[in-house]
Structure formats: structure tokens, C-alpha cells
Amino acid sequence: MPSKSDPAPAVTWNSQLGTMLAVAGSAVGFGNFLRFPGLAAQYGGGAFMIAYFSAFLLLGVPLCWVEWAIGRRSGVLGGHSCASAFMLISHSSVWKYMGIAGVLAPLGIGMYYMYLEGWTLGYCWSTATGALSLHDSAEFADFFARFTGSNADGAAYSGASPLPYFFGIAILANLYLLYRGITRGIEWFCKWSVPVLLITALVILVRVLTLGTPDATQPYRNVDQGLGYMWNPSKTVLMVEGKTVEMIPVAATEQQASQIYRRVQQDFPGKQVVREHISLIRGLMNPDLWITAAGQIFFSLSIGFGTVLTYASYVARRKDIALVSLTANAANEAVEVGLAGMMIVPAAVSLLGVAAAAGASTFGLGFNVLPEVFAAMPGGRIFGTLFFGLLFLAAVTSSISILQPTMAFLEEFWRLTRTQSVVVAGLIIIVGAFAVSWYTGEGMMALSTLDFWMGTMCLYLISALYLILFRAVWGTRNGLRELGRGASIPLPRGLGFVINWITPSILLIIFGSWLYKNIFQSTSEHIYNLLDGKPGALLPMAWMLVIYIFMTFVVHTSRRFHKRPAKHTPPTP
Amino acid sequence: MTLAGIITMILSIGFVWGLLALCVRRLLREPSHSSARKKAKS
């Protein structure tokens, strides 16, 4: 039971709006702009949104509240990292070691996030200077390969690509903001960058929605068709080898539909063109759609990153966390559904056609398709620069939050000052990020390895630990009491039931499905790359292992958090 | 774009922006932590 004499966290946010913007900024990232629109369109608008909002209400919001409650309680007791939070709430040293995962995973994610920030900054610069004014998809693919060095290991450092400079700027910007601290660094940056991000997105949205029919010779490539492909619950698409290549417009007569079919047949000679009807009911019966929608919510809200827990630990004891959490989630959804959902797919469909937007991977859409879209768009140089600048801002607000748990860990367990923590965290990140940017061959092996183990597997495990801690160790009733303290909104009735039964079930289903697909069903390349001793997979993971051993050693030898601090322990300096 | 598509779009976007507007309105109604601090200092 919390006591009235519990100490306040030594550092707290300046305002609730600042807290909300920092958390929203942390959640808004590549997934909002590049992953969600593609998935929603692929699974047919309406059905996907039903599953998506169900997952938002039953998985996303409750899990975020769980993380906020654990974080704030831990902050009140003097702990700001996952390791200390788990220890302080469970009163058990075992949990302290399990909590290291909540520091290690964001650190691993941060290593490749820095590299991706270098991409966005480089693309922003290249669009502004006209270096990306190219003509066809082959040229854009070639630019991407040269810029990122994806042709071979170490290609980014051969002198042909400016990426190392942008990459360096991204790392320095992050470390500088972390050095400035919670209020003067993170809160200050998010307070202006998140509104700028929203305004920039609105400007681009207006441009996209006023595109009309850019090419009169391609009457079916227009904004209406793009919005239809994104949002229509029922649609008829033409598929070649399982990939959507065209959508039959709603207003098309049977004769026009046949013409479109024949044109697609001519575009793909010798291949079978399948006409498929996607409907709302059929979509809702597809279990893959529900799992994909829940997975999108899970990653979009940055659940399990450890960042929300750390940010929540800086909230004062009697301040609201329930409303701030809900507002941050709503802001993330507004950007994802309300802006990105209206912008990316309609732009790609109206300028390049359905085939360009359908089935593109996150990076394929962002760094191959969209530069081509902006090159074809009137005023595209300005809007392209704005878009990649926006992506850079979104990425930085996320990456500073990703690194903060490590800073908190070093400060509380190793007793380092903020400057010392920045130096140590910076060195760890630079070594890992260099490995990611060096081993770019074989489909960005280092990046995909870290994303698989740290950015996916670990996040599921950490979220499961949150739920076990909240429900079985701390007690749902105690957790909800913490969540309700100072709350400006009443907590929904039945929230305890949802957290106890519904949320864990959904998490178990999406994690089980992910394990089945990636570990048990297929011969996972991520496992075999490690077993084969490929340096692109082995070295980043070996570096993570070294950091894990180092963190375990620091936790083990640290004199802090050996026992639960007494209720009258003075605030941490 | 079909009528069902327009309804889906409006409902989805209305839900997220509506939720955000409600939350922000409620949040701004709360006394600001920073202004409370400034008042306390002065």
C-alpha cells in the first residue's frame, strides 16, 4: 500500500501537456506513416478497422495503463528503469534481473533506429537538393541501394554514400537531447516538434487530397480511387502471384472492368491474373486480419519498449496518469488513422497506381515508392522535403524515449551522473549502430536480426512480464488504485476483468501466432543466420549479449535496490 | 469510393480525432502543473 509519506520522484515533468506530447512523440514513428496504411488497404479498410479499434480498446489502452501504473509507482519509490521498477514492485531480486530485458530491448532497437534516422535525414536533404529528382522505379531502387549501402557489407562507408554524415548527425542530436535531461531536453523538444509534425502532416495531406487525377491518360489513377482502395470495406482487386496489382473502380461497367483486366494481362504476360472480391464479412472471418490488426496496435503504441514505464516514473505522485495515457494513445491514433491513413496510399495510388501501394514493405513504401510519388507530384520537391523532415522528427522523438531507460538504468544502478551516462550510453549505441550500418548485405541482415530478437520477440516477453507483475505479483486492485490516483477521468467499469483476462488472452494469441509463423512453422532465417555464424547476425547479437552481461553485473554489484527502500527513504539525488 | 467506404473513413477518423479532442479538452481543463509551480514560486 502506498503511503502518504512516499517520496516524490527527484525529477518530474514540467506539465501534463509536456508529458502527453513526450509519450505521443515516443509512440509516433515509422509504423504510423509507413506500416499502418499498407496493412489497412491490404486487408480491406472496414474489416481491418473493426479489428484494429477492438485491439486498441482491449489490448492497447489497458496495457498502456498497466505500464503507466507500474512506472509511476516505481518513480515514487525512486526507480526509473524497468529493472528497478520490477524489483520495487515485486520486492524480489529475481524480478530485478528479469527487468534488465526492459532496458536491453529498447537499447537494441535504438541501435537500428539511429541508422534509420540517418536515412530519413539523408532523404530529406537529397529531396531538397534535387538529388532525388529521378525518373523511374529502377533509378529510385538504385539510389536506395547506393545510399543505404544495401548492396554489400560496408558499402555505406565506401565513400559513395553521404549516409555516415547523416547518421552521425542523428546520433549527436539524440545524445545532446538526452544530455539536456527530461525537462530541458526531451520535454522541450517534444513540446515543439510534435505540433510541428502535426502541422507538416496536415500540409502534406491537403496537397495529397487536392491531387485530383494527375495524369489524364490514366483516368483510374486518382485520389478517389486511392481513398477507395484504402477505405472501401468491399472491393474487387486483380492479383498476380498473390500480389494486388489493380483495383476495379466502383463505377466501372462490366465492359470497363474487362478492359482493365486485359490491360493487366498485357502488363504481366504469361502470368495468371486472378480477380478477387474482398468483402467485410469475409474479412472479419479471416483470423490473420485480427492478429495483424492487434500486432499493429501493439507496435504502434510502443508497448513493451520500457519507455512509457520510464516516462511515467517521472510523473508526480498525485498527478493524473490515466487521462495523460489515453490522450497520448489518442494522439498516436489520430496521426496514424487520421493523417497517415488519408495521405500515403491515396498519394501512391493517384500518382503510381494500386500496384505501387499494394503489398510494399514498410521500408519499400517509405524509401522506394514515396520518393517516386514526390518526384511525380507537382511541388513534390517541397512536399517530399517536408515529409522526410516529418519522418525524421517522428523518429527522433521515438529514439530519445528509447534511450532514456538506459540513461535511467546507468544513473540509478551505476550511480553515474547524467553526463557520464550519456557518454556510456553513447558508446554502447555507437558500436551497435555502426555494426548495423556496416552489415547491410543480405537484406540488411544486422538490422533485421536486431528487429526480430529485440524489436519483436523481447517486446512480447516484456509485455507479458508487465501483465504477470501487475496481476499476479502487485495485484490488479493495487495497480488500479495507483492508476486511479489523481485521475481526471473515471476508470471504466470492468477494467480489472479486461486486464486480468482479455488483454493477456489477446497478447497470448498474437505472440503465439508470431512464434508459430516465425519460429515453429518456417525454418526461421534469423535462427539459422545465428547458427551459421554469419557476422551480420552474430556480431550485433554478441554485442547485445556483452551488454546484457555488463548490465547483470552492474545490477548484481550495485548497492541500490537490494532491498525495498524504507518508506521514508529520502529522494534520490 | 463507395458509400460504405466513406462511412468507414468518417467513423474511423471521427473516432480518433473525437477521442483526442475530448481528452485534450479535459487535460487542458486541469490546472497546469507548470503554472501551478510558477504560482507557488511567486
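Check the entry above for the structure.
First things first, this report covers the structure right here in the doc. All figures in this text were calculated on a predicted structure; none of them were measured in a lab. (Residues numbered from 1 in each chain as written. Chains lettered and ligands numbered in written order. Predicted model: local features only at pLDDT ≥ 70, side-chain atom pairs only at ≥ 80, totals over all residues.)

### Regarding the overall build of chain B
Okay, step 1: Along the backbone of chain B there are 2 helices and 0 strands.
Okay, step 2: Across the 42 residues that make up chain B, the buried fraction comes to 24%. (Helix = DSSP H or I, 4+ residues; strand = E, 2+ residues; numbered from the N terminus. Buried ≥ 20, exposed ≤ 12 C-beta atoms within 10 Å, placed from the backbone.)

### Focus: the overall build of chain A
Okay, step 1: When helices and strands are counted, chain A shows 22 helices and 3 strands.
Okay, step 2: Relative to the 2.2 N^0.38 estimate, which gives 25 Å for 573 residues, the radius of gyration of chain A is 24 Å and therefore close to what a compact globule would have.
Okay, step 3: C-alpha extents for chain A along the principal axes are approximately 80 × 55 × 45 Å.
Okay, step 4: Looking at chain A as a whole, 55% of its 573 residues qualify as buried.
Okay, step 5: Sequence-distant contacts, at least 24 apart, represent 81% of the contacts inside chain A between residues at least 6 apart. (Rg over C-alpha atoms; globule rule 2.2 N^0.38 Å. Contact = placed C-beta atoms within 7 Å.)

### Description of unusual backbone geometry
Residue and element names in this part refer to chain A.
Okay, step 1: The phi dihedral of Glu-241 falls on the positive side, at around 50°, and the residue is not glycine.
Okay, step 2: Counting through the fold element by element, Glu-241 comes out in the loop between strand 1 (235-240) and strand 2 (243-247).
Okay, step 3: The phi dihedral of Ser-302 falls on the positive side, at around 55°, and the residue is not glycine.
Okay, step 4: Here Ser-302 is to be found in the loop between helix 12 (287-300) and helix 13 (307-312).

### Describing helix 7 (residues 137-148) of chain A
Residues and elements named next belong to chain A.
Okay, step 1: Between its terminal C-alpha atoms helix 7 stretches 16 Å, which fits the 16 Å expected from 12 residues at 1.5 Å a residue.
Okay, step 2: Looking only at helix 7, the buried set comprises Phe-140, Phe-147 and Thr-148. Each buried residue of helix 7 sits inside an arc of 80° when the element is viewed along its axis, so together they form one side.
Okay, step 3: Of the surrounding secondary structure, the elements contacted by the buried residues of helix 7 are helix 6 (101-129), helix 8 (163-209) and helix 16 (362-376).
Okay, step 4: Downstream of helix 7 by one or two residues, Gly-149 has phi in the positive range, about 75°. (Expected span 1.5 Å × (residues − 1). Arc of directions from axis to C-beta.)

### Side note on helix 4 (residues 82-90) of chain A
Okay, step 1: Counting buried positions along helix 4 of chain A gives 8 out of 9 residues, so the element sits mostly inside the fold.
Okay, step 2: Turning to helix 4 of chain A, its buried residues number three or more, namely Cys-82, Ala-83, Ser-84, Ala-85, Phe-86, Met-87, Leu-88 and Ile-89 of chain A.

### Here we look at the interface of chain B and chain A
Okay, step 1: Contacts between the two partners involve 21 residues from chain B and, on the opposite side, 31 residues from chain A.
Okay, step 2: Looking at which element gives the most residues to the side of chain B that touches chain A, the answer is helix 1 (residues 3-29) of chain B, with 15 residues.
Okay, step 3: When the residues that make up the side of chain B that touches chain A are grouped by side-chain class, the tally is 12 nonpolar, 7 polar and 2 charged. (Nonpolar A, V, L, I, M, F, W, Y, C, P; charged D, E, K, R; others polar.)

### Structural notes on the nonpolar core
Okay, step 1: Ranked by size, the top nonpolar core spans 205 residues in total, and within it Ala-294, Ala-348, Ala-357 and Val-436 of chain A carry the most contacts.
Okay, step 2: In contact with Ala-348 of chain A, other than residues within four places in its own chain, are Ala-356, Ala-357, Val-369 and Val-373 of chain A. (Core = buried A, V, L, I, M, F, W, Y, C linked by C-beta atoms within 7 Å.)

### Focus on the pairing of strand 1 of chain A
All names here are of chain A.
Okay, step 1: Where strand 1 and strand 3 (residues 273-278) come together, 6 bridges link them in antiparallel fashion. When the bridges of strand 3 are listed, Leu-238 appears paired with Arg-275.
Okay, step 2: What sits between strand 1 and strand 2 in their antiparallel hairpin is a turn of 2 residues, with Glu-241 showing a positive phi close to 50°. (Pairing = 2+ DSSP bridges.)

### Observations regarding the environment of Asp-267 of chain A
Okay, step 1: Following the sequence through the fold, Asp-267 of chain A ends up in helix 10 (residues 254-267).
Okay, step 2: For the pair formed by Asp-267 of chain A and Phe-305 of chain A, sequence separation is 38 residues and the distance between their alpha carbons is 44 Å.

### Description of the pairing of strand 2 of chain A
Residue and element names in this part refer to chain A.
Okay, step 1: Summarising burial for strand 2: 4 of the 5 residues are buried, a large majority.
Okay, step 2: When strand 1 meets strand 2, the two strands line up antiparallel, connected through 4 bridges. The residue bridging Leu-238 from the neighbouring strand is Glu-246, located in strand 2.

### Some details on the sheet that holds strand 1 of chain A
All names here are of chain A.
Okay, step 1: Spatial ordering of the open sheet is given by 2-1-3, a layout of 3 strands whose pairing is antiparallel. This sheet does not close on itself; its edge strands, each paired only once, are strand 2 and strand 3. Direction aside, neighbouring strands of the sheet carry axes that sit 40° apart on average.
Okay, step 2: Contacts between helix 10 and the sheet are confined to strand 1, strand 2 and strand 3, with strand 3 contributing the most and set at about 135° to the helix. (Axes fitted to C-alpha atoms, helices over the stretch in contact; angles between N-to-C directions.)

### Here's the deal with the environment of Gly-44 of chain A
Okay, step 1: Turning to its location among the elements, Gly-44 of chain A is positioned in the loop between helix 2 (30-42) and helix 3 (46-76).
Okay, step 2: Discounting chain neighbours no more than four positions away, the residues touching Gly-44 of chain A are Pro-233, Lys-235, Ile-278 and Gly-283 of chain A.

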